[in-house]
Protein chains: 2
Amino acid sequence: MITSPHNEKLKLIRKLKARKHRERSGLFVAEGEDLVEAAEAAGAQAEFVLLAGRDVQPELLDGASELGSGTRVIGVYRERWAEPGGDLQVHLHEVGDPGNIGTVIRTAHALADGPVVLGPGCADPYSSKAVRASMGSVFARPPARAELGVLDGFKLGLDARAAVDLREVELDPPVVLCLGAEREGLPAGLGVDATARIAMRPDAPNSLNVAAAAAVGLYEVANRMARRD
Amino acid sequence: MITSPHNEKLKLIRKLKARKHRERSGLFVAEGEDLVEAAEAAGAQAEFVLLAGRDVQPELLDGASELGSGTRVIGVYRERWAEPGGDLQVHLHEVGDPGNIGTVIRTAHALADGPVVLGPGCADPYSSKAVRASMGSVFARPPARAELGVLDGFKLGLDARAAVDLREVELDPPVVLCLGAEREGLPAGLGVDATARIAMRPDAPNSLNVAAAAAVGLYEVANRMARRD
């Protein structure tokens, strides 16, 4: 039973709040029973797991937690990175919000066979906010890292300003669905093969949330590809 | 120029962080130029707007802000509540995350003609996190509050455990798309006319994020209703 806040495991958990330390060590933290169970279900081996009251005094675990008081369990895991591939994958460019990154990983796990591929300027999918938003899908379907240029497939950019409706675009699988920052959209010169927009009402906002747009895009493309089979 | 943290306007902004004070006063806060511009574009009259350096010392505005240092502008607005209605509206039941509430309001603004109707146990759409996630859509398309039972229309519940695929369900407009908490789903006895699921892969997670599910549901139902016309 850990009884000191200076314990090495607790110190590591606190350090892993910083992206720098996650990148150096290749480790990350998952808090809470749901995430620790998701890791087990996906066969991801923990470096260690601390259970409040069994392995560590509860108030010490609370002190190391990002969620604060009442944390029951924290696990430390090794980051895993997939290779790009599959009939349908997502590429994100400069998506800076970790909650959106995690939500897209969860949605792609539900609707696509390929990973979420993170391009430049994206938030860390292994930050605690992203891991929570993924609801554990980072364990079952680890993200990949690559520039769009090296990916194989038909690169379809989703952009609210595109002239072509997503429902009208010709799909040629495998498909890479590309999304960028909500405000800037996809930069010219990124190297997509086509861009399309999600049809919106005349009085609509300028754009959708990137995770909402990814969900609609994955749903539409996955449906169209299933009908081709 | 406000030079004291005890100024009444700054005190009001700080108080409005609490739901209790928002509900008592019927007022809420929007921080940042994007939201204040969205309010103007939607014709929402501010009670007052404080611009850093013009109306208030910048560090005092930072001190009243939820976002912290560097806040350029904060506006205080009167909450507006729509009446339920339209050919397609969303009903949320016990959706407790304010970011999800705001994102659904933004997506419904893009894809549906009716409001987002908040049932029991939902987060406050006028919390600062929800207002930010809505990207200002709360101004253009204020939410409504009602129990599902009083709404008119075909009430279609989205539930990952439903037997019927969303693409197969017979739609009879007007449609109310009902979503619940991600974990619990929709309770029995809520009074939906049908439930449907979004088709997911065999190895999929148990559910989608509620805002991602709402985006897919709105997209599918809006498309189907447009094809009927």
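The shown structure was predicted, so the numbers you read here are calculated from the model rather than taken from an experiment.

## Side note on the packing of aromatic side chains
Each aromatic ring pair is specified by the distance between its two centres and by the angle formed by the two planes. Residue and element names in this part refer to chain A. In total, this model carries 10 aromatic pairs over all chains according to the counting rule given. Note on Trp 81 and Tyr 126: the rings are 5.3 Å apart at their centroids and 80° apart in plane angle, and the pair reads as edge-to-face. Taken together, the residues span a long stretch of sequence, with Trp 81 in the loop between β3 (73-78) and β4 (88-93) and Tyr 126 in the loop between β5 (116-118) and α6 (128-133) at a distance of 45 residues. Within the aromatic cluster, the residues linked to one another by ring pairs are Phe 28, Tyr 77, Trp 81, Tyr 126 and Phe 139. One Lys or Arg, Arg 145, reaches over the ring of Trp 81 and ends 3.6 Å from the middle of that ring.

## Some words on the relation of the copies chain B and chain A
For these two chain copies, the linking operation is a rotation about an axis paired with a shift along it. The two copies are related by a screw motion: chain B maps onto chain A through a turn of 180° and a shift of 0.0 Å along the axis, at an RMSD of 0.0 Å. As the rotation angle and translation indicate, the two copies are arranged about a two-fold axis. Mapped onto chain A, 100% of the interface residues of chain B again fall at the interface, so both copies present the same surface.

## Examining the interface of chain B and chain A
In this complex, chain B contributes 31 residues to the contact, which on the side of chain A involves 31 residues. Between chain B and chain A, the buried area comes to about 2600 Å², and carbon and sulfur atoms account for 54% of it. When the buried area of chain B at its contact with chain A is split by residue, Arg 106, Arg 201 and Tyr 219 of chain B rank highest and sum to 24% of it. At the junction of chain B with chain A, the criterion picks out six salt bridges. Inspection of the chain B/chain A interface yields 18 residue pairs in polar contact (both at pLDDT 80 or more). Only α5 (98-111) and α8 (210-228) of chain B provide two or more residues apiece to the side of chain B that touches chain A. For the side of chain B that touches chain A, the per-class residue count stands at 14 nonpolar, seven polar and 10 charged.

## With respect to the sheet that holds strand β7 (residues 154-158) of chain A
Residues and elements named next belong to chain A. If you walk across this open sheet you meet the six strands as β6-β5-β4-β8-β7-β9, and the pairing is parallel. Unpaired on one side and paired on the other, β6 (144-145) and β9 (194-196) mark the two borders of the sheet. The pairing of β4 with strand β8 (residues 175-180) spans six bridges and is parallel. Residue pairing in the sheet places Leu 92 in a bridge with Leu 179 of β8. Across the sheet, helix α5 (residues 98-111) touches β4 and β5, and the angle it forms with β4 is around 170°.

The rules behind the values
- Residues numbered from 1 in each chain as written.
- Chains lettered and ligands numbered in written order.
- Predicted model: local features only at pLDDT ≥ 70, side-chain atom pairs only at ≥ 80, totals over all residues.
- Heavy atoms only, no water.
- Phe/Tyr/Trp six-rings, centres within 6.5 Å; stacked < 30°, edge-to-face > 60°.
- Helix = DSSP H or I, 4+ residues; strand = E, 2+ residues; numbered from the N terminus.
- Lys NZ or Arg CZ within 6 Å of the ring centre and 35° of its normal.
- Least-squares fit on C-alpha atoms with pLDDT ≥ 70 in both.
- Contact = heavy atoms within 4.5 Å.
- Buried area = accessible area lost by both parts, 1.4 Å probe.
- Salt bridge = Lys/Arg side-chain N within 4 Å of Asp/Glu carboxyl O.
- Polar contact = N/O pair within 3.5 Å; in protein donor to acceptor, adjacent residues only side chain to side chain.
- Nonpolar A, V, L, I, M, F, W, Y, C, P; charged D, E, K, R; others polar.
- Pairing = 2+ DSSP bridges.
- Axes fitted to C-alpha atoms, helices over the stretch in contact; angles between N-to-C directions.

Take it as geometry only, folks, not as evidence of what the structure does.
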